[in-house]
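Residue strings, one per chain:
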Amino acid sequence: KDLIRRISYFYNKKAIEGRLEALLSLIGKDIEGKKIFEVGCGPGIYSIRLAQQGAIVTANDYAQTMLDIAIANAKASNVNIHFVPGDFFDFHSNNKFDYVLATGVMDYIHPSRSRAFLKHMADLSNNFVIISFPKKYALHAVIRKLWLNLVKKIPVTFFNNQDIQALASACSLEEMERKDVGILWVVKFRNISKN
């Protein structure tokens, strides 16, 4: 309903849709029976798609409103997803996941917590972590930062290659592949601490 969001969606439609396609490409087609954990699942679009392909999906979001929407969407799509409410930092499991993913989440993690966030993702993964990083030097980053920081009072963070490499190295993650989706990258890391 708000003009800025409509303009933003129009400008970012390719990235929003491309993020899902990049994620699916990085995971691959053979995910039947793979255990996947999605951080910040929002309305459940990615989790539902993965569950439809046979993955065993656990999805988390801190916003109960989003989880309610995701649960309704999963039910309407006739897929079984285990939904976990609350702060991702409070989620702990003895069972590890083949993939731990977060798209559209790192933007909103305060820089002082980004290493801990990525490390927690790595700790939950036996194999791979897939995460999207909004690009620091894109024109969109400047506009979005002004809009979110000044108008909405929501802190937002952007990344360059050095930022991503430093975070990955600190968390024992090795970059395997990267998809460029316009205003962001979707990056697949291998958890080298588990090998």
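The preceding data block contains the structure.
Residues numbered from 1 in each chain as written. Predicted model: local features only at pLDDT ≥ 70, side-chain atom pairs only at ≥ 80, totals over all residues. Heavy atoms only, no water.

A.B. asks: Even after reading the chapter, I still don't get the nonpolar core, so can you show me in this structure?
C.D. replies: Across soluble globular proteins, nonpolar side chains have a tendency to be buried as a group. Among the nonpolar cores identified, the biggest contains 30 residues, and Ile27, Leu50, Ile81, Phe83 and Ile130 are the most heavily contacted of them. It is helix H1 (residues 3-27) that provides the largest number of residues to this core, a total of six residues. The residues touching isoleucine 27, leaving out its near neighbours within four places in the chain, are Ile36, Leu50, Tyr99, Leu101 and Ile130. In terms of nonpolar packing, the next biggest core, distinct from the first, is built from 29 residues, Phe117, Leu118, Leu173 and Trp185 among them. (Core = buried A, V, L, I, M, F, W, Y, C linked by side-chain atoms within 4.5 Å. Buried < 20%, exposed > 50% of the residue type's maximum accessible area, 1.4 Å probe, protein only. Helix = DSSP H or I, 4+ residues; strand = E, 2+ residues; numbered from the N terminus. Contact = heavy atoms within 4.5 Å.)

A.B. asks: Would you mind going over unusual backbone geometry with me for this structure?
C.D. replies: Both trends apply: most residues other than glycine have a negative phi, and most peptide bonds are in trans. Phi angles above zero are rare outside glycine, and asparagine 78 is one such case at about 60°. Inspection of the secondary structure puts asparagine 78 in the loop between helix H3 (64-76) and strand S3 (81-85). One non-glycine residue, serine 172, lies in positive phi territory at about 55°. Relative to the helices and strands, serine 172 resides in the loop between helix H6 (161-170) and strand S6 (173-181). Judged by its relative accessible area of 28%, serine 172 is partly exposed.

A.B. asks: Can you walk me through the packing of aromatic side chains in this structure?
C.D. replies: When we look at a pair of aromatic rings, we describe it by the centre distance and by the angle of the planes. Enumeration according to the criterion identifies 10 aromatic pairs in this entry. Ring plane angle 55° and centroid distance 5.2 Å describe the contact between phenylalanine 37 and phenylalanine 97, whose orientation is recorded as tilted. Separated by 60 residues along the polypeptide, phenylalanine 37 in strand S1 (residues 35-39) and phenylalanine 97 in strand S4 (residues 97-102) bring together distant segments of the chain. Residues phenylalanine 37 and phenylalanine 97 agree in their burial class; the two are buried. Just above the ring of phenylalanine 128 sits the side chain of lysine 188; from NZ or CZ to the centre is 4.4 Å. (Phe/Tyr/Trp six-rings, centres within 6.5 Å; stacked < 30°, edge-to-face > 60°. Lys NZ or Arg CZ within 6 Å of the ring centre and 35° of its normal.)

A.B. asks: Even after reading the chapter, I still don't get the sheet that holds strand S5 (residues 125-134), so can you show me in this structure?
C.D. replies: Pairing is mixed in the open sheet, where seven strands are placed in the order S3-S2-S1-S4-S5-S7-S6. Of all strands in the sheet, those with a lone pairing partner are S3 and S6, marking the two edges. Averaged over all adjacent pairs, the angle separating strand axes in this sheet is 20°, with direction ignored. For S1 and S4, the ladder comprises three bridges, and the chain directions are parallel. Residue isoleucine 36 lies in a different strand from S4, and its bridge partner there is tyrosine 99. Docked against the sheet, H3 engages strand S2 (56-61) and S3, running at close to 170° with respect to S3. Sitting on the sheet, H6 touches S5, S6 and strand S7 (184-191), and the angle it makes with S6 is about 150°. (Pairing = 2+ DSSP bridges. Axes fitted to C-alpha atoms, helices over the stretch in contact; angles between N-to-C directions.)

A.B. asks: When you look at the pairing of S7 in this model, what are you seeing that I'm missing?
C.D. replies: Consecutive side chains of a regular strand alternate in pointing toward one face of the sheet and then the other. For S7, the tally of buried residues reaches seven of eight residues, placing the bulk of the element in the interior. In terms of strand pairing, S5 meets S7 through seven bridges, oriented antiparallel. Bridging from a neighbouring strand, valine 129 pairs with phenylalanine 189 of S7. Where S6 lies against S7, eight bridges are found, and the strand directions are antiparallel. Paired with valine 181 across the bridge in S7 is leucine 184.

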